[in-house]
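Notes for the structure review
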Amino acid sequence: MALAYFAGMWTWRGTTIGGIVLNLKVVRYDGQPMNFGVGLVRALAAAFSIVVLFLGFLWIAWSRDKQGWHDKIAGTVVIRLPRGTPLLCI
């Protein structure tokens, strides 16, 4: 159920409910629009990052590009949008 939620939200809005609150958006590294395949790969890779003692998420602290394993695998990056950018109306 969680995989479907994350993959669907990343595809539909490029973010999750928590991302809306924090003004974060997931975009593809190559500039192409997000699609369900990329969202699903990112969700599966995030699950793998969790299973391996959260090392995939901790990797963000050491990565020069601030990407976790799931971002590197899916070819995505998380960006912070300027304050006042509406994520609900995009």
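Now for a quick tour of the structure.

Reading the values: rules and limits
Residues numbered from 1 in each chain as written. Predicted model: local features only at pLDDT ≥ 70, side-chain atom pairs only at ≥ 80, totals over all residues. Heavy atoms only, no water. Helix = DSSP H or I, 4+ residues; strand = E, 2+ residues; numbered from the N terminus. Rg over C-alpha atoms; globule rule 2.2 N^0.38 Å. 1 Å grid on protein atoms, 1.4 Å probe; cavity = no way out; pocket = protein on both sides within 12 Å on 5 of 7 lines; lining within 4 Å. Points joined across faces, edges and corners; volume = space filled by probe spheres on them. Nonpolar A, V, L, I, M, F, W, Y, C, P; charged D, E, K, R; others polar.

**Digging into the overall build of the protein**
- Counting its secondary structure elements, the protein contains five helices and two strands.
- Starting at the N terminus and ending at the C terminus, the protein contains elements arranged as α-α-β-α-α-α-β.
- Taken against the 2.2 N^0.38 rule, which gives 12 Å for 90 residues, the C-alpha radius of gyration of the protein at 13 Å falls within 12% of a compact globule.
- For the C-alpha atoms alone, the extent of the protein along its principal axes is close to 35 × 30 × 25 Å.

**Some points on the layout of surface pockets**
- Roughly 310 Å³ of internal volume is contained in the largest pocket.
- For the lining of the largest pocket, the elements supplying multiple residues, two or more each, are helix 1 (2-12), strand 1 (24-28) and helix 3 (36-51).
- With five residues, the top contributor of residues to the lining of the largest pocket is helix 3.
- Its residues assigned to classes, the lining of the largest pocket comprises twelve nonpolar, four polar and two charged.

Keep in mind these values describe shape, not function.
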